[in-house]
Amino acid sequence: LFCPSRACRARSLSPRAARRERIASMVSFRWNVANMVDAKGPVIDLKAAFAEMIAMMLFVLFGCGAACGYGADTPVTRLLVAWAFGMGILVLAYSVTHLSGGHINGAVTLSLVLGGNLPWYQGLVHVIVQLLGSLLGASILTVIFPCELDLTRNLGSNLVNPDYGVGRALAAEIVATFLLCKVVWEVAVSPHSQAGPNACLAIGFAVFLSH
């Protein structure tokens, strides 16, 4: 029996199908969104999400790839790896800022959500695709650097120096993350910023300093 009303149709659906329909009516997915909220509800920009995923993949590929290829056990190689990460963010931020905002970092995305600069649902999608992008980048590294050629033996993953311990390492990570988020807000988000197109330059050097 045909029923034109949405309420009648919803009653005819199974609980699982009705739940999926409710979610679909709450959030819509589009490619290249100008306004993330329309008359029908929140809109997730898939183009921005895809840009974040590709940027994170390349960031891991070249940053951790530098560590895999050159090692990170001497002052010179550590400086080289830090430079690779900093220049990676600089180049990629310039490349995708007009598409996604150029976060390329879960902490930056979280800070923008908490600061009201990015809707929570878009931020959640960004974090998910950033994780997927990092896994994809690491997967490509396993092909380029088999175990016997990886000088770090762990795809360039960070390790805690036993001489410093977890507490000091955590404190250093918190300070470095604060530096990055602070620079992003001051040069790229604040309406009073004078950085203009040089914002990505400051962000790249912040990542270099943090490493």
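Moving on, we get to the confidence of the model for the protein chain. Predicted confidence across the protein chain gives a mean pLDDT of 87, with 86% of residues reaching 70 or more. The secondary-structure element of the protein chain with the lowest mean pLDDT is helix H1 (residues 6-12), recorded at 51, while helix H5 (residues 106-114) shows the highest, at 96.

In this section: the side chain of His126. Assignment of secondary structure puts His126 in helix H6 (residues 120-144). Residue His126 is classed as buried on the basis of its relative accessible area of 1%.

Attention now goes to unusual backbone geometry. Positioned with a positive phi, Ile104 is a non-glycine residue whose angle comes to about 50°. Here Ile104 lies in the loop between helix H4 (75-100) and H5. When its relative accessible area of 2% is taken as the criterion, Ile104 is described as buried. Its identity is not glycine, yet Arg153 carries a phi of approximately 65°, on the positive side. By secondary structure assignment, the location of Arg153 is in the loop between H6 and helix H7 (165-189).

The rules behind these values
- Residues numbered from 1 in each chain as written.
- Predicted model: local features only at pLDDT ≥ 70, side-chain atom pairs only at ≥ 80, totals over all residues.
- Heavy atoms only, no water.
- pLDDT = per-residue confidence, 0-100.
- Helix = DSSP H or I, 4+ residues; strand = E, 2+ residues; numbered from the N terminus.
- Buried < 20%, exposed > 50% of the residue type's maximum accessible area, 1.4 Å probe, protein only.

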